[in-house]
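# Notes for the structure review
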Amino acid sequence: MAHVLEDLARECRRLGEISRLARGFGLSRRLGQHFMVSCRLAIEVATRLGDLCPGGDCLVYELGSGLGSLTLFLEKCSSYVVTSEIDPRFVEVLRRTFLGGPVDIVASDGIPLIRSLGENFVVVSNTPYVVSSKVVVTVVKSAVRGAVLVLQDEVAKKLAAKPGDPNYGRITAFTGTFMEVELGGRYPPASFRPKPRVWSTVVVLRRKRKWLEELGGYEDFLRCLFNQRRRSLSKRLRECAGKDLEGIAPGLRVFSADPEFLFRLYMALRQGGERGSK
């Protein structure tokens, strides 16, 4: 591990070169482009990746590599990295920077590709804020073992919220059903160029339940429940599914029900519907 940390520290100098190079590019607000320029942040992401992949036994998929400021560190922690980038200007720079290395560069919108990854992959991303929720949901609805994502504070707090918290919502319950969520360090706007308006947080997702395509209705089920999150869960369940189920505490509200309980309710409804159709 010590030699890996030494390698990561050396990459900090190259990160400075990329930061200077970034000044020559106009960035797209539509794509939410912000270059990571913090060595401390890059090292934390790489370290968290190592925790998800003990012994380096997994493959890495980086979503939105930009000019490669995070890719520099990822290639030191994995035997193989696939990185995607939608901006053709950056793709040319990436191909020159990582020529001959263990990095494959895909010139594409990288979000749809997540669904094609196997369970030996981990997704890593300095995530464009405009697609944060979409990226999280796509990771959940894939086979990957986990993810290390840099997200804006607001989304990070929602993902880690506990039942009954003000930030606990549909994405909390959906993500928490399939992934364990751990928050890492918080980073100020100066960690990026250009500076965003908000702080960012490292979020680690670890797979705890496989996603199956036949569970697609669960997302719709949660969407209906959380449309009125402060209502009684039993009443909301009756409105969304047209049924009453036993085992729901009187007065329990939607936003106070933990993800596992909500998933059990969904499975009970689903199994009841299957029996009724036979």
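This write-up is about the structure you can find in this document. (Residues numbered from 1 in each chain as written. Predicted model: local features only at pLDDT ≥ 70, side-chain atom pairs only at ≥ 80, totals over all residues. Heavy atoms only, no water.)

### Considerations on helix α2 (residues 39-52)
Count 3.6 residues to each turn of an α-helix, and residues three or four apart come out pointing the same way. The terminal C-alpha atoms of α2 lie 20 Å apart, and with 14 residues this matches the ideal 20 Å at 1.5 Å per residue to within 8%. Looking only at α2, the buried set comprises C39, L41, A42, E44, V45, A46, R48, L49 and L52. The N-terminus of α2 is capped by S38, whose side-chain oxygen sits 3.4 Å from the backbone nitrogen of R40. (Helix = DSSP H or I, 4+ residues; strand = E, 2+ residues; numbered from the N terminus. Expected span 1.5 Å × (residues − 1). Buried < 20%, exposed > 50% of the residue type's maximum accessible area, 1.4 Å probe, protein only. Polar contact = N/O pair within 3.5 Å; in protein donor to acceptor, adjacent residues only side chain to side chain.)

### Here we look at the side chain of N126
Inspection of the secondary structure puts N126 in strand β5 (residues 121-126). Engagement of the side chain of N126 in a polar contact is seen with the backbone oxygen of H34, the distance being 3.2 Å. Once residues within four sequence positions are removed from consideration, N126 is found in contact with H34, F35, M36, L70, V150 and F192. (Contact = heavy atoms within 4.5 Å.)

### Some points on helix α5 (residues 132-140)
For α5, the tally of buried residues reaches 7 of 9 residues, placing the bulk of the element in the interior. By the burial criterion, the buried members of α5 are S132, V135, V136, V137, T138, V139 and V140.

### As for the pattern of salt bridges
For the coordinates displayed, the defined rule picks out 16 salt bridges. D220 is the partner of R223 in a salt bridge, and the nearest nitrogen-oxygen pair spans 2.7 Å. Taken together, the positions of R223 and D220, both in helix α8 (residues 216-226) and 3 residues apart, correspond to about one turn of that helix. Taking relative accessible area as the criterion, R223 reaches 33% and is therefore assigned partly exposed. Several salt bridges converge on common partners, so that one network encompasses E44, R48, E182 and R206. (Salt bridge = Lys/Arg side-chain N within 4 Å of Asp/Glu carboxyl O.)

### Looking at the packing of helix α7 (residues 170-178) against α8
Where α7 meets α8, the axes come as close as 9 Å, and the angle between the chain directions of the two elements is 145°. Two packed elements cross with a definite hand, and for α7 against α8 that hand is right-handed. Note on element contacts: α8 touches α7 through Y218, E219, L222, R223 and F226, opposite R170, A173, F174, T177 and F178. Within the contact of α7 with α8, the residues separate by chemical class into 6 nonpolar, 1 polar and 3 charged. (Axes fitted to C-alpha atoms, helices over the stretch in contact; angles between N-to-C directions. Left-handed = near helix turned anticlockwise from the far one by under 90°. Nonpolar A, V, L, I, M, F, W, Y, C, P; charged D, E, K, R; others polar.)

### Structural notes on the state of the cysteines
Enumeration according to the criterion identifies 3 disulfides in this entry. Each sulfur in the disulfide pair C53 and C58 lies 1.7 Å from the other. Here C53 and C58 share a disulfide; its torsion about the S-S bond, 80°, makes the bridge right-handed. Exposure class is identical for C53 and C58. Each is buried. Cysteines bonded in the chain are numbered consecutively along the chain; their disulfide partners then correspond to 1-2, 3-4, 5-6. (Disulfide = S-S within 2.5 Å.)

### Notes on the packing of aromatic side chains
Describing an aromatic ring pair means giving the distance of the ring centres and the angle of the ring planes. Per the stated rule, a full pass over the model turns up 12 aromatic pairs. Aromatic pair F178 and Y218: ring centres 6.1 Å apart, planes at 70°, arrangement edge-to-face. With F178 in helix α7 and Y218 in helix α8, this residue pair connects regions lying 40 residues apart in the sequence. When its relative accessible area of 0% is taken as the criterion, F178 is described as buried. With a centroid separation of 5.2 Å and 90° between ring planes, the pair formed by Y218 and F263 is classed as edge-to-face. One end of the pair, Y218, is in helix α8; the other, F263, is in helix α10 (residues 259-276), and 45 residues separate them in sequence. Judged on exposure class, the residue Y218 and its partner F263 are both buried. Here a set of aromatic residues connected by ring pairs shows up, and it is made of F174, F178, W211, Y218, F221, F263 and Y266. The ring of F255 carries the charged tip of R230 above its face, separated from the ring centre by 4.6 Å. (Phe/Tyr/Trp six-rings, centres within 6.5 Å; stacked < 30°, edge-to-face > 60°. Lys NZ or Arg CZ within 6 Å of the ring centre and 35° of its normal.)

### So, the pairing of strand β3 (residues 81-85)
Judged by how many residues are buried, β3 sits mostly within the fold: 5 of 5 residues are covered. Side-chain alternation along β3 places V81, T83 and E85 on one buried face and V82 and S84 on a second face that is also buried. Where strand β2 (residues 59-63) meets β3, 4 bridges bridge the pair, whose relative direction is parallel. Across the sheet, residue Y61 finds its bridge partner in β3, namely V82. For β3 and strand β4 (residues 103-107), the ladder comprises 5 bridges, and the chain directions are parallel. By the bridge assignment for β4, S84 is matched with V106. Taken together, β3, helix α4 (residues 88-97) and β4 constitute a β-α-β crossover, and its handedness is right-handed. (Pairing = 2+ DSSP bridges. Right-handed = clockwise from strand over helix to strand, strands pointing away.)

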